[in-house]
Every structure is written in C-alpha cells, then in structure tokens.
Amino acid sequence: MSRSGMRDLGRLSAVALLAGALVAGCGSGGEEAQEPGGVTTLSLWHFYGPPESATGGALVRFLQRYEQAHPGVKVEPRHIPFGDFNRTVLQSAAGGELPDIALIGATSTQAMAEAGIIEDLSDRVAKWGKQDAYLPSIWQTTQVGGKTYALPHVADTYAVYYNTELLDEAGVKPPKTWDEMAETARKLTSGDRQGLAVSGVEGEEGATALVIRILAAGGDVTKIDSPAANKALTQFKQLVDSGAMSKGIIGWNEEDVKNQFANGRAAMMINSATYVSTLRKENPDLKWKIALLPGDTRQVTFLAAENLAITSGSSHPDAAWDLMTWMQDPKALAEYLPDRNKLATRDDVPADGDEARSVFAEQLKSAWAPSGALAEHSSEVFTHVQGALQAAISGSATVDQALAEAQQKIDKTLAE
C-alpha cells in the first residue's frame, strides 16, 4: 500500500508527561559521541519494509551508497512494521532509546515535534539554504510553530490510471471534469467490468478518493455536512447505483483496486504512483496510461509523503544532518526514486523521461495535505469520512444522514 506518508500519531494524550521523559533521558547535548576506530554509527528507523522487500531493499541500497562514499560512517537501518511504528517511537522516547534519524509520515511531524521527539532544524536549514527547492505543500509538512523539524524525503500522490484500449473502443477520452468522469465511467461499464475503481475499505485508506472529490468540489474535510461534500458523496453513490463503480469498493484497499484494473475488471482507477512499476512488471501486456485527476471547483489530489527528522535522542546530530542532506541531493534522488518507486519532493531532481511518472510529478503540484488540528487527528477524521461513504453505499443511511453522523464524530474528534 502507499499510504505511508498519510498517517499521523493519532491522539497524544500524554504529551506533557512524555516531553518530561524526553528532557530527562534523551537530550543530545549538541556534541557528537566518539566511537572506537573512528567510525560513526548512525541508526535510522523506518517503516518501508524489511531488507528483502522492494521498498525496504531500495532504502538499504540507498544507504549503502552513502556508506561507500563516506567510509567513516556506518548506517544501521531498522525496519519497524508500519502499524507499530509510531507507538514504538513513543515508547522508545519515554525510555530514552531513540534512533539518530526517524523516517516518519509527513503528517506525524507536527505531533512528534510538539511531543519533543524530534529536533528543531531551523538553524541548520537556514545555513543549508535549499528549502526553496521544495514544493510549498510538501515543505509545509515540516513546519511547526514557524520552525522546521524535518526534511521532506519522498512523496506519492494520486491520479487516474486508464486502459487505453477500452477507452478507444468506447470512443472516449480521459475525463477533465468530475461530471465527465461520471459520464465516462458509465460509458466504460459493460457486463462485469466497471468504469471506475477506487478504494473504499474501512479506515482512513478508504477515504482517499472521497476526500479528493470533496476537495475538488470546494469542500473542507473537517466540515463534511456541507453542500460540497453532499455533492461528492451523492456522485459516488450514483456511480455505484448505476454499476459504473462496484459496491465492492467498500471492501477494497488500494492493492485490490490495482488488481481490478490489471485484470480488466475496471477501465479506470484512482490510485497512487506506487503501482506504476508494479503494473509494468506484473502485467506487461496491459495497455494503460496516466491522466491528471478531473477538476470541479478546483483540481486537487492528495499528498502522501515521508519526512526525515533528527530525534532528540541522537548522539550524532551533525552526522545525521549530513546523511539527511545527502539523501536529498538531486543526483542521488534521481537514482533512488525509480528504485523506490516514489516521486521527488523538490523541483530540481533530474527527470528520468518516464511518461507516467512525469504526469504524477505534474499532479503533485496540486497536492493537498492536512495541516493544523486536522494533521494531528487525520487518521480518525478520515476514518469518519470513510464511515460516511460506507453508510451511503451500503444503504444503511441516506447521504444526508451519513454526512451528519460523520460530522458529529469529526467535531468530537477535533475537540479532544
């Protein structure tokens, strides 16, 4: 799945207590610890996957390149499963056992900064002077209270995959507006093939497509009992009721959506850049291309990203900073990103000429990410949004009822 940059820490009910534990046990003191043999060992925690996996292996190879260029430094990556990552960091912070670098979800940055888990990098960034190279929406995820607490690492976003053969047969083109999307999806629907597939699975992942649609209609995710959200959810329900989208979407994650598209049971899908390489490798005979998401009041997509942060427990903050800035070098990224199957967060990375990835890079310019109170509670809020989708699609509630109930839950979440 590709939602690694979209999760946050959830509620940090013990932030004050945790911050006290950090002050007592995790301070770096601003000095680099000396190690035998003159070798500096840096620890880096991440949730990309074990070394034998495609995502984890790409990161390991990337770090090995740094070691080869810096013989005096050894990097020890530690994979922590995604579902356990933030909890493990919190527990380790309280115990004074943090790594030098944490590769975290972008929307976790605010909560970790406020809890004292990661260091203020503002002075380092000011001397570095590369912040203007980053896309504004991505750089904003590193900012907390006017200070910089991380560097963007990689990004992912959502666009439209379409089967070129099926669109040609139907005599239609990739839709430019959401009204066109609905009409095109209906024209592409035939037998057991749906025109459009999206993920609607229980939890925050299943909210992504609806969140994109709400934003496109000019809506606010924290105020979904609104005309814009009503328009978005009504359209999704109409697509399901007409057969242009399967009722099964409420059980599909993004991998399932990819499989529907790859097997020809969906002519279009909304999914992330993660599946570009997967489709090419697993389905070499499938004819497909990428198009920008359609627009309504606005044209927008969802940002999924990860940030690199130096923790308050680092014994080697200067060495950690050197590794992080190397990991953001445009030439290094140009080699790493295709292997990692992600997008650049800055605009000076040499293009690789890949047509599909270039469309995603263009789409990234219109990416939206939660901020403020929503960033802190995004996991719960998106889950409530998905709940509205599930209720409306299943028929357990009308669109109006589903949105009103979800709004009550969102208001309660944001008030805590």
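Attention in this report is confined to the structure presented alongside it.

Turning to the overall build of the chain, a few remarks are in order. Scanning the chain from N- to C-terminus turns up 18 helices and 11 strands. In terms of overall size, the chain behaves like a compact globule, its C-alpha atoms giving a radius of gyration of 22 Å where 416 residues would be expected to give roughly 22 Å. Looking at the 416 residues of the chain, the share that counts as buried comes to 57%. Of the contacts formed within the chain by residues at least 6 apart in sequence, a portion of 78% connects residues at least 24 apart. As displayed, the chain has an accessible area near 16,700 Å², and 48% of this comes from carbon and sulfur atoms. Each charge class in the chain can be summarised by its mean position, and for the 37 positive and 53 negative side chains these summaries are 5 Å apart.

Taken as a whole, this structure holds 16 salt bridges when the rule is applied. Two residues, Arg124 and Asp318, come together in a salt bridge whose shortest N-O distance is 2.8 Å. Taken together, the positions of Arg124 in helix H5 (residues 122-128) and Asp318 in helix H13 (residues 317-327) put the pair 194 residues apart, joining distant regions of the chain. Because the salt bridges share partners, they merge into one network encompassing Arg213, Lys231 and Asp296.

Below, the discussion takes up unusual backbone geometry. The backbone of Asn341 shows a phi angle near 65 degrees, a positive value even though the residue is not glycine. Relative to the helices and strands, Asn341 resides in the loop between helix H14 (330-340) and helix H15 (355-364).

Time to look at the side chain of Thr109. As for its position among the elements, Thr109 is in helix H4 (residues 109-114). For Thr109, a relative accessible area of 0% translates into the label buried. Side-chain polar atoms of Thr109 contact the backbone oxygen of Ala106, separated by 2.9 Å. A distance of 3.0 Å separates a polar atom in the side chain of Thr109 from a polar atom in the side chain of Asn307. The residues touching Thr109, leaving out its near neighbours within four places in the chain, are Ile104, Ile118, Thr141, Thr142, Val144, Tyr149, Ala150 and Asn307.

So, about the packing of helix H10 (residues 227-242) against helix H18 (residues 399-415). In the contact formed by H10 and H18, the axes pass within 10 Å of each other and the chain directions differ by 130 degrees. Between H10 and H18, the crossing angle belongs to the class labelled oblique. The interaxial crossing formed by H10 with H18 has right-handed handedness. Facing H10, whose interface residues are Ala229, Asn230, Leu233, Thr234 and Lys237, H18 presents Val399, Asp400, Ala402 and Leu403. Counted by class, the contact of H10 with H18 contains five nonpolar, two polar and two charged residues.

Reading the values: rules and limits
Residues numbered from 1 in each chain as written. Predicted model: local features only at pLDDT ≥ 70, side-chain atom pairs only at ≥ 80, totals over all residues. Heavy atoms only, no water. Helix = DSSP H or I, 4+ residues; strand = E, 2+ residues; numbered from the N terminus. Rg over C-alpha atoms; globule rule 2.2 N^0.38 Å. Buried < 20%, exposed > 50% of the residue type's maximum accessible area, 1.4 Å probe, protein only. Contact = heavy atoms within 4.5 Å. Areas by Shrake-Rupley, 256 points an atom, 1.4 Å probe, with all protein chains shown as cover. Lys, Arg positive; Asp, Glu negative; His and termini not counted. Charge placed at Lys NZ, Arg CZ, Asp CG, Glu CD. Salt bridge = Lys/Arg side-chain N within 4 Å of Asp/Glu carboxyl O. Polar contact = N/O pair within 3.5 Å; in protein donor to acceptor, adjacent residues only side chain to side chain. Axes fitted to C-alpha atoms, helices over the stretch in contact; angles between N-to-C directions. Parallel < 35°, antiparallel > 145°, perpendicular 65-115°, else oblique. Left-handed = near helix turned anticlockwise from the far one by under 90°. Nonpolar A, V, L, I, M, F, W, Y, C, P; charged D, E, K, R; others polar.

These figures come from the coordinates and say nothing about function on their own.
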